[in-house]
Number of protein chains: 2
Amino acid sequence: MVVTRVVGILGGMGPAAGADFVRLFVEACAGLMRARGEPVRDQAFPEHWLAQVPVPDRTGAIDSATPGAHQPLEPMLQALGRLAALGSRAVAIACNTAHAWHGTLQARFPHIELLHVAREVSAHLAAEGVRDVALMATEGTYRIGLYEHAMADAGLRCHLPLADERRQLMRGIYDGVKAGDMALAEACFSEVALQLGRRHGDVAIVMGCTEIPLGLQGSAAVGGLRLVDPARVLACALANRAYDMPSSPA
Amino acid sequence: MVVTRVVGILGGMGPAAGADFVRLFVEACAGLMRARGEPVRDQAFPEHWLAQVPVPDRTGAIDSATPGAHQPLEPMLQALGRLAALGSRAVAIACNTAHAWHGTLQARFPHIELLHVAREVSAHLAAEGVRDVALMATEGTYRIGLYEHAMADAGLRCHLPLADERRQLMRGIYDGVKAGDMALAEACFSEVALQLGRRHGDVAIVMGCTEIPLGLQGSAAVGGLRLVDPARVLACALANRAYDMPSSPA
């Protein structure tokens, strides 16, 4: 009998990405069971809770210079408090941009481990011998340097898209995935990914917004590129915590 | 500004089906927004919580004649109580067989509406003019007559698979989907579905176990059949409750 720990997922940013994160987490748990030669049974999965709560737009809040603009923090604090009350020992945030508030959230709940997506991804890539990374993300994620800092700490070079490519990413995220126009999303994302590949050669392209993998799923256009899904890496890290395993890169 | 109500999903039975149910619920919410001509935004989704808790095997408990065998009830009661404490006004159970305990669970929490999958599906099919239904399910679901009763109440004829076909369904569910062998699952499920189609003609085939649609996803073999996914119908019903809309069939 394997002892598991309760874990939580802070989602709703957007809800489709949160749902997909649970799928990735369940897959990661099944993978761990198989790797240990254990049968995959319903009862062998760790208890986990998904909170999908309405949270004001993260990039919008980061962009705004007014004092009250950090309004995403309040609903995230409330949801995280409830996940903690449900017994969660570790929590993953299913939104890259929301990590702008990671430090504040972690400080408020020191008894739970709040995973950090960019640190998990950077450790994972560094362990795989990657040196050069290109980052597809929201303006908010670029603004706070979420991945740039974590990657520098891990010894990785981080290449960013040009201004018009960033605008195209934002269009794919908001007018594409979030609004349900997946064809537009795929067109926007694949064009930027191909440009990054052309410019930087053999580079790992991090899809640093949870909506981007949803838009690129099954896209033939980017078949030759090395795409990294941070949600998958983060889901593996959360599964490791649930089975109380060392926090080695997924 | 649309007023939404908090809703819950009782999952973990199995966890992959619970994750998929959240995806279907999010899709259903987006569909409702589009149908009302509203933009689909993260903040327009209702707050919803997914509880994925370990629950002893449901069919095993129903099959057993010993008094202590109804052990699935306890973890479901606990999880439902927590979903209620989180503010859920309506809850869906992401497992057909677990509906054996629907009445007990609903009686314990009279202030929340616990949706009933078979009643939602029966109302949905009757409203579409369907008369004949074939039911793919677990032994536990057949044992309690979950769909048979609800369909009779809705004026539908319910056809059941033969004994060896039922065994094949159980194999596809347990050795297939729950154990991660999707090729085995598809083979088991598609053969039974084709037999039902051959035997009963123009019949709506209800995939009355949440694992069956996961195993039949994208199966070309059953392309000509009319397959009904109760999880999709239930997810639409839950979305209607979240937006406080009349509980008309999805």
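These figures come from a predicted structure and were not determined experimentally.

### A short note on the packing of helix 1 (residues 15–35) of chain A against helix 11 (residues 230–242) of chain A
A pair of packed helices is captured by two measures, namely the crossing angle of their axes and the spacing between those axes. Residues and elements named next belong to chain A. One way to put it is that helix 1 packs onto helix 11 with a least axis distance of 8 Å and a crossing angle of 55 degrees. Taken together, the axis directions place helix 1 and helix 11 in an arrangement best described as oblique. Crossing hand, helix 1 versus helix 11: right-handed. Facing Phe21, Leu24, Phe25, Glu27, Ala28, Cys29 and Leu32 of helix 1, the residues of helix 11 in contact are Ala231, Arg232, Leu234, Ala235, Cys236, Leu238, Ala239, Asn240 and Ala242. Considered class by class, the residues forming the contact of helix 1 with helix 11 number 13 nonpolar, one polar and two charged.

### Overview of the domain arrangement of chain A
All names here are of chain A. Here the domain parsing of chain A yields domain 1 (7–117 + 232–242) and domain 2 (118–229). Facing the 27 residues of domain 1 at the interface are 24 residues of domain 2. Around 1900 Å² of area is buried between domain 1 and domain 2 when both sides are counted, 53% of it from carbon and sulfur atoms. In this structure, the salt-bridge partner of Arg241 is Glu120, at a minimum N-O distance of 2.8 Å. Scanning the region where domain 1 abuts domain 2 turns up 16 residue pairs in polar contact (both at pLDDT 80 or more). Looking at the side of domain 1 that touches domain 2 residue by residue, the class counts come to 13 nonpolar, seven polar and seven charged.

Reading the values: the criteria
- Residues numbered from 1 in each chain as written.
- Chains lettered and ligands numbered in written order.
- Predicted model: local features only at pLDDT ≥ 70, side-chain atom pairs only at ≥ 80, totals over all residues.
- Heavy atoms only, no water.
- Axes fitted to C-alpha atoms, helices over the stretch in contact; angles between N-to-C directions.
- Helix = DSSP H or I, 4+ residues; strand = E, 2+ residues; numbered from the N terminus.
- Parallel < 35°, antiparallel > 145°, perpendicular 65-115°, else oblique.
- Left-handed = near helix turned anticlockwise from the far one by under 90°.
- Contact = heavy atoms within 4.5 Å.
- Nonpolar A, V, L, I, M, F, W, Y, C, P; charged D, E, K, R; others polar.
- Domains from an automatic or database assignment.
- Buried area = accessible area lost by both parts, 1.4 Å probe.
- Salt bridge = Lys/Arg side-chain N within 4 Å of Asp/Glu carboxyl O.
- Polar contact = N/O pair within 3.5 Å; in protein donor to acceptor, adjacent residues only side chain to side chain.

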